[in-house]
Amino acid sequence: MARKSTDKVKANTRKWLHFAASCLVTASGLVILKHSDIVTGGTAGLSLSISPLLHVQFHYLFILLNLPFFVFSYFYMGRSFTLKTTLAIVLLSLFSSMDSLLPVFTISPLLGAIAGGAIIGAGITALFKNGASLGGATILAIYLHKNYGINPGKINFTFDLLVVLTSLTAFSLTSGLYSALSIAVTSGILSFYKKKRKRTEPAKSEPSTASAHQQLME
């Protein structure tokens, strides 16, 4: 009994360390995009884009834009998923803020778009495996994939592309094109993850909604 308890503690510790590492990886990708002068996708990018237009501070808009997704998540994805997603956003914000401790540097937009997009895609995929997301459209992507089998990469790309188009009111066309490349790389990794799971999973009877959600996250 004691050994089983110890093994469970170790397993939970590894799980949460993996969770934190996933947030750190994603934050690293965001830092790369920032130093490449590339627009960020998701609700964070949308908040940055429309903040000057509405004359509302970024953090207020970020909370307001995410609020409907969190309400949706709580009722349709469950309390555990919603709490993990909230924690992931908090950790992501914390890790991203450490950028201020780094020396000033710049990265080529082309390199930043590819490297940053790939790293963010890897981080989000790892969060999916841990039963969490980064809020916004990623919540919707998981829900649509779980219930309708829609590729999460396509949902992520569509939403982020709309964000980039919106950002053209505040950023240059060149920055927008590099941003589109970045989100294409991120979405490609999410799509690859989905297809890889589909190839490796054995054929089985149609799972229930709860089990389908668990299979996507494991």
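Residues numbered from 1 in each chain as written. Predicted model: local features only at pLDDT ≥ 70, side-chain atom pairs only at ≥ 80, totals over all residues. Heavy atoms only, no water.

1. Side note on the overall build of the protein
So, point 1. Counting secondary structure elements, the protein contains 9 helices and 0 strands.
So, point 2. For the protein, the N- to C-terminal ordering of α and β elements is α-α-α-α-α-α-α-α-α.
So, point 3. Residues counted as buried form 42% of the 218 residues belonging to the protein.
So, point 4. Here the contacts in the protein between residues at least 6 apart in sequence split such that 77% fall between residues at least 24 apart.
So, point 5. Of the roughly 12,200 Å² of accessible surface on the protein, 69% is carried by carbon and sulfur atoms. (Helix = DSSP H or I, 4+ residues; strand = E, 2+ residues; numbered from the N terminus. Buried < 20%, exposed > 50% of the residue type's maximum accessible area, 1.4 Å probe, protein only. Contact = heavy atoms within 4.5 Å. Areas by Shrake-Rupley, 256 points an atom, 1.4 Å probe, with all protein chains shown as cover.)

2. Topic: the nonpolar core
So, point 1. Within the largest apolar cluster, 26 residues are counted, with the highest numbers of intra-cluster contacts made by Phe-19, Cys-23 and Leu-127.
So, point 2. Elements supplying a minimum of two residues to this core: α1 (2-35), α4 (79-97), α5 (109-129), α6 (137-148) and α8 (173-200). (Core = buried A, V, L, I, M, F, W, Y, C linked by side-chain atoms within 4.5 Å.)

3. A few points about the environment of Ala-132
So, point 1. Mapping Ala-132 onto the fold places it in the loop between α5 and α6.
So, point 2. You can call Ala-132 buried: its relative accessible area is 0%.
So, point 3. C-alpha of Ala-132 to C-alpha of Ser-80: the two residues are 52 residues apart in sequence and 8.6 Å apart in space.

4. A look at the UniProt feature "transmembrane region" (unreviewed entry) in the protein
So, point 1. Annotation from UniProt places "transmembrane region" (unreviewed entry) at residues 16-33, 53-75, 113-143 and 177-193.
So, point 2. A distance of 27 Å separates the end C-alpha atoms of residues 113-143, which is 77% helix and 0% strand.
So, point 3. Taken end to end, residues 177-193 is 100% helix and 0% strand, and its first and last C-alpha atoms sit 25 Å apart. (UniProt positions renumbered as here; feature names shortened; annotations may be inferred.)

5. Concerning the pattern of salt bridges
Note that side chains of opposite charge can pair when their charged atoms are close.
So, point 1. For the coordinates displayed, the defined rule picks out 1 salt bridge.
So, point 2. Across the salt bridge formed by Asp-99 and Lys-34, the nearest N and O atoms sit 3.0 Å from each other. With Asp-99 in the loop between α4 and α5 and Lys-34 in helix α1, this pair connects stretches of sequence that are 65 residues apart.
So, point 3. According to the relative accessible area criterion, Lys-34 is exposed, its value standing at 58%. (Salt bridge = Lys/Arg side-chain N within 4 Å of Asp/Glu carboxyl O.)

6. Observations regarding the packing of aromatic side chains
So, point 1. For the structure shown, the criterion picks out 6 aromatic pairs.
So, point 2. For the pair Tyr-74 and Phe-75, a centre-to-centre distance of 5.6 Å together with 85° between the ring planes defines the contact as edge-to-face.
So, point 3. Residue classification places Tyr-74 among the partly exposed residues on the basis of a relative accessible area of 46%.
So, point 4. Judged by its relative accessible area of 63%, Phe-75 falls in the exposed class.
So, point 5. Note on Tyr-76 and Tyr-143: the rings are 5.8 Å apart at their centroids and 70° apart in plane angle, and the pair reads as edge-to-face. Note that Tyr-76 is positioned in helix α3 (residues 58-76) and Tyr-143 in helix α6, a separation of 67 residues in sequence.
So, point 6. Connected via pairs of aromatic rings, a cluster forms that spans Phe-72, Tyr-76 and Tyr-143. (Phe/Tyr/Trp six-rings, centres within 6.5 Å; stacked < 30°, edge-to-face > 60°.)

7. Description of α4
So, point 1. Under the 1.5 Å per step criterion, the end-to-end length of α4 is 27 Å for 19 residues, consistent within 8% with the ideal 27 Å.
So, point 2. When we look at burial in α4, the residues that qualify are Phe-81, Thr-82, Lys-84, Thr-85, Ala-88, Ile-89, Leu-91, Leu-92 and Phe-95. (Expected span 1.5 Å × (residues − 1).)

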